[in-house]
Amino acid sequence: MPERHRSEDGRRETEEYTDSTETPDQQGRAGGTTERQVGTRDLLKRAEQDRPGATRVRKSEEKQSD
């Protein structure tokens, strides 16, 4: 691995490029009916399974939101 070159003047350039704002949390159950249904199903799936994978909106849930 190559040697890392450090600043001679002690300046931390990384902080000039990074943002200090907090990143948002996952949406979870916030939002409308469809978001609540998918969020609830996702929480249950993650609690019960080791490798749950992605939770997607079902076609029946899309029709309810119209």
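Residues numbered from 1 in each chain as written. Predicted model: local features only at pLDDT ≥ 70, side-chain atom pairs only at ≥ 80, totals over all residues. Heavy atoms only, no water.

### As for the pattern of salt bridges
This is how it is decided: Each reported salt bridge corresponds to a side-chain nitrogen of Lys or Arg within 4 Å of a carboxyl oxygen of Asp or Glu. Helix and strand assignments follow DSSP, with helices taken as H or I runs no shorter than four residues and strands as E runs no shorter than two, numbered in order from the N terminus. For the exposure calls, accessible area comes from a 1.4 Å probe over protein chains only, and a residue counts as buried if that area is under 20% of its type's maximum, exposed if over 50%, partly exposed in between.
A complete count under the given rule lists one salt bridge for this structure. Between Asp42 and Arg46 there is a salt bridge, with its nearest N and O atoms 3.1 Å apart. In this pair, Asp42 and Arg46 both sit in helix H2 (residues 33–48), four residues apart, roughly one turn of the helix. Owing to a relative accessible area of 16%, Asp42 belongs among the buried residues under this scheme. Accessibility expressed as a relative area gives 47% for Arg46, which makes it partly exposed.

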